[in-house]
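# Fold and geometry: a report
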Amino acid sequence: NEDCEAVKSSRLKYKNWMFMDENHSVYFRRMSWSPEGSLLFIPTGSYFINESNFISVTHAFQRNKLKRNPSFLLPTTSKSTICVSTNPIIYELIPDLPSLIDLPYRIIFAVVERERIVIYDTQSIQPLALINNLHYAQITDISWSFSGRSLVVSSCDGFCSIIQLY
């Protein structure tokens, strides 16, 4: 259809897409709200360094600033992120450590890439944990337990794993 081709070609001229398009290998964007609803984490994002180069990122938006730029970005070393899952527990701030965002507490969340899981909190861009080579195939989803101490991970290999955090 000519209309579809016109839309595709006009989008190709646009330089600063916020998210990967339909040609990307990840079909879903499994977003996650923080437990109290103040932050929205959206995977499969892109951040343009210049006109022809971009990096894959996960965007974090504040609820009261959804129509603005993301509050912070988490870069990835892989092609893209697949999903984000927030821990249901709200944690106290670590004293004398600056935060990425102005909250009176910190939120822990897991970002899933194809073959690894990266656990962050809202007080640092440095990961709390990296979990690699957990499955033989691509990771498809992740979910925190109600207690916030376990992560259940599913994969295309047909298995689920449970990660215990202490």
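Here's what I pulled together on the structure shown here. (Residues numbered from 1 in each chain as written. Predicted model: local features only at pLDDT ≥ 70, side-chain atom pairs only at ≥ 80, totals over all residues. Heavy atoms only, no water.)

### Some thoughts on the sheet that holds strand β7 (residues 116–121)
Spatially, the 4 strands line up as an open sheet ordered β5-β6-β7-β8, and their pairing is antiparallel. At either margin of the open sheet sits one strand with a lone partner, and together these are β5 (81–91) and β8 (124–132). Each neighbouring strand pair of the sheet contributes to a mean axis angle of 25°, computed without reference to strand direction. (Pairing = 2+ DSSP bridges. Helix = DSSP H or I, 4+ residues; strand = E, 2+ residues; numbered from the N terminus. Axes fitted to C-alpha atoms, helices over the stretch in contact; angles between N-to-C directions.)

### A word on the pattern of salt bridges
Throughout the structure, instances matching the rule amount to 3 salt bridges. For Asp 141, the salt bridge identified is with Arg 30, shortest N-O distance 4.0 Å. Highlighted residues: Asp 141 in strand β9 (residues 139–144) and Arg 30 in the loop between α1 (2–13) and β1 (32–33), separated in sequence by 111 residues. For Asp 141, a relative accessible area of 31% corresponds to the partly exposed category. For Arg 30, a relative accessible area of 27% puts it in the partly exposed group. Here Arg 116 makes a salt bridge to Glu 113, at a shortest N to O gap of 2.7 Å. Under the relative-accessibility criterion, Arg 116 is labelled buried at 18%. (Salt bridge = Lys/Arg side-chain N within 4 Å of Asp/Glu carboxyl O. Buried < 20%, exposed > 50% of the residue type's maximum accessible area, 1.4 Å probe, protein only.)

### Let's talk about the pairing of β9
Across 5 bridges, β9 lies against strand β10 (residues 150–155) in antiparallel orientation. Across the sheet, the residue bridging to Trp 144 is Leu 151, located in β10. Where β9 hands over to β10, the hairpin turn is made up of 5 residues, of which Gly 148 adopts a positive phi near 75°.

### Considerations on a nonpolar patch on the surface
Taken together, the side chains of Tyr 47, Ile 49 and Ile 55 make up a nonpolar region of the molecular surface, amounting to roughly 280 Å² of accessible area. Overall, the relative accessible area of 54% leaves Ile 49 in the exposed class. (Patch = residues over 30% accessible without salt bridge, like charges linked within 9 Å, V, L, I, M, F, W, Y side chains within 5 Å. Areas by Shrake-Rupley, 256 points an atom, 1.4 Å probe, with all protein chains shown as cover.)

### A closer look at the packing of aromatic side chains
For the structure on display, the rule yields 3 aromatic pairs. Feature note: the residues Phe 41, Phe 72, Phe 109 and Tyr 120 constitute an aromatic cluster, connected by ring pairs. If you follow Arg 63 out to its NZ or CZ, it ends over the ring of Trp 33, 4.7 Å from the centre. (Phe/Tyr/Trp six-rings, centres within 6.5 Å; stacked < 30°, edge-to-face > 60°. Lys NZ or Arg CZ within 6 Å of the ring centre and 35° of its normal.)

The analysis is restricted to geometry; functional conclusions fall outside its scope.
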